[in-house]
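Structure at a glance
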Amino acid sequence: MELPSKNPANTSSRRAFGKGPAVSLFTLGTMRALGAASELQQVLEAALEVGINHLETAPAYGKSEHYLGLALSRLALKPKELVITSKILPGLGLVEAKQQLQRSLERLGITHLNNLAVHGINQKEHLQWAVEGAGAELLEWALSEGLVGQVGFSSHGNPALIKAAIESGLFSFANLHLHLFDPLRLPLAQMALARGMGVLAISPADKGGQLYAPPPLLQQHCAPFHPLELAYRFLIAQGISSLSLGAAKASDLNWAQKLAKADGPLTAGESNAIKNLQQQALERLGSSHCGQCRECLPCPNQVPIPELLRLRNLALGHNMLSHAKERYAMAGNAGHWFEQHNASACAACGDCVPRCPLNLPIPALLTETHQLLASKAGRRLWD
C-alpha cells in the first residue's frame, strides 16, 4: 500500500509530543480490533489513509502487540514512518520488566520503541516504583540502551498524584483522561504542555460519554454539531497533542478523517454550541447541579462525591444514562483503575454539606444517584 507520507492528499496536522517525533491529531489505539490479525491490519490501513502516524498498544491489550507486529510486517511499513507507543505495568521487578519490554519489541518486530509509558500510575506506590524503584532502573536502562526514545506515563489517578508525576521531571509525555464532559484534568494537561511534555487524551469518545452513539437529547444540546465532533474539537482547541481513538473497524475513523487538519481554535459556532450544552444541563438540573468544585472532599467514608454527582449531572442533564450507568458500575469493581466506592458507602454523616458552596443536600443526592444508576457490576475492558 502507498504510505500517507507519499500521498499529499492524506497529510494530517502534526503536533509536538515531548522529545519524540511529532504526532497526528488522532492516535490509533489498538485495543479493540482484535478479532483476528487481519481485522487490526484493515484498521491500521484505514488509519494510515486518513493521516494517522501514532499507534498505541500495550502488553495488557490482549494480542494487540502481536497483531500490530504482523500488520507492520505484512504492509512492509518502516518504523521511521510511524510513531509507536507501548506500555509497561508498574510494580514489576527489574529483570521481569526488562524481559517484558524485550518481548514487546519482539512482538512488534522492531528494535526501537518511540515511546514507553508506565501503564497506570494510579497510586503513590506506582509513582514511587517509576521514580526511585525498579521502574526507575528499567527506564534508565531502556533509554541508555536506545531501546526507547522517551518515557511517559498514563494515569487514572487523582489530580494530586498526576501533578506529582508531571513535576517529577522523569516523564516526557502523559496519557490522561481529558473529556468535554469531564474537564477536571485539563489544568494538569496544560501544566504538562507548558513543560514541553506531550499529552494524549485517553478515550475521549467512549470513556468521554459513549459519544459515538449519543442519546437524542444530547444531540439536540450539541446542535448543529455531532457530540463527538464537538468533544474532539474542544480538546484539539485546548492544544492537546493527540486524541486516542480505539477503532474496531475502519468506519470508526471517519471523524479522524474529517478533523485530520482541524487544529485551530474553536469557531464562534463551536463555542456557542458548548455554552448551550452547558446551559441546557443547568436548566434541567436546576439547583441540584453539582459544580465539581471538589470542596466536599475528603469524605470520611471515601465516597468519590464529585465523580458520582458528575455522572448524575450527565444522566439527568443530557440523558446520558447508559454511559453514567456503565461508569457507575465500575466503582469498586475495577481495582485501582477507577473509584473504589459508589454512593451506597455514604453514611449520611453530613460532613460535606457545610463545605458545599452551592448548599447541595449531598447525602440525599447520593442516595438518588445510587437509585438512578445502580446496576450489574462492571469491569475494565482487559480484566
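Look up a bit, the structure's there.
These lines cover the structure that appears in this document, whether it is placed above or below. Computed from a predicted structure; not experimentally measured.

Each full turn of the α-helix corresponds to 3.6 residues, which orients residues three or four apart in the same direction. Of the residues making up helix H2 (residues 64-74), those classed as buried are Ser64, Glu65, Tyr67, Leu68, Gly69, Ala71 and Leu72. The inward-facing, buried residues of H2 abut helix H1 (37-49), strand E4 (54-56), strand E5 (83-88) and helix H3 (94-108). The first or second residue beyond H2 is Ala76, which carries a positive phi of 55 degrees.

Another aspect to go through is the packing of aromatic side chains. Summed over the entire model, instances satisfying the criterion amount to three aromatic pairs. Between Phe26 and Tyr232 the ring centres are 4.9 Å apart and the planes differ by 80 degrees, which places this aromatic pair in the edge-to-face class. Residue Phe26 is located in strand E3 (residues 26-29), and its partner Tyr232 is located in helix H9 (residues 227-237); the two are separated by 206 residues in the primary sequence. Judged by relative accessible area, Phe26 falls into the buried class, the value being 2%.

On to the pattern of salt bridges, then. Enumeration over the complete set of coordinates arrives at 12 salt bridges. Taking the shortest distance from any N to any O, the salt bridge between Lys249 and Asp252 comes out at 3.0 Å. The structure contains a network of salt bridges with shared partners spanning Asp182, Arg185, Glu307 and Arg310.

Time to look at empty space enclosed by the protein. Summed over all chains, the structure comprises two cavities of 30 Å³ or more. For the largest cavity, the calculated volume is near 90 Å³. Lining of the largest cavity is provided by 14 residues; of these, Cys290, Cys293, Cys296, Cys356 and Leu360 occupy positions nearest its centre. Considering every element that reaches the lining of the largest cavity, the biggest residue donor is helix H12 (residues 305-317), with three residues. Among the residues making up the lining of the largest cavity, the classes are represented as 11 nonpolar, two polar and one charged. Within this model, the second largest cavity holds a volume of roughly 70 Å³. What lines the second largest cavity is a set of 16 residues, among which Cys299, Pro300, Ile305, Cys349 and Cys352 lie closest to the centre. Within the lining of the second largest cavity, the residues separate by chemical class into 12 nonpolar, two polar and two charged.

Right, let's get into the environment of Gln340. Relative to the elements of secondary structure, Gln340 occurs in the loop between helix H13 (321-330) and helix H14 (362-373). On the basis of relative accessible area, Gln340 is assigned to the partly exposed category, the value being 45%. When the C-alpha atoms of Gln340 and Pro304 are compared, they prove to be 8.1 Å apart, with 36 residues separating the residues in sequence. Discounting residues that sit within four places of it in the chain, Gln340 has contacts with Ala331, Gly332 and Gly335.

Conventions used here
Residues numbered from 1 in each chain as written. Predicted model: local features only at pLDDT ≥ 70, side-chain atom pairs only at ≥ 80, totals over all residues. Heavy atoms only, no water. Buried < 20%, exposed > 50% of the residue type's maximum accessible area, 1.4 Å probe, protein only. Helix = DSSP H or I, 4+ residues; strand = E, 2+ residues; numbered from the N terminus. Contact = heavy atoms within 4.5 Å. Phe/Tyr/Trp six-rings, centres within 6.5 Å; stacked < 30°, edge-to-face > 60°. Salt bridge = Lys/Arg side-chain N within 4 Å of Asp/Glu carboxyl O. 1 Å grid on protein atoms, 1.4 Å probe; cavity = no way out; pocket = protein on both sides within 12 Å on 5 of 7 lines; lining within 4 Å. Points joined across faces, edges and corners; volume = space filled by probe spheres on them. Nonpolar A, V, L, I, M, F, W, Y, C, P; charged D, E, K, R; others polar.

Nothing here speaks to function; it is geometry throughout.
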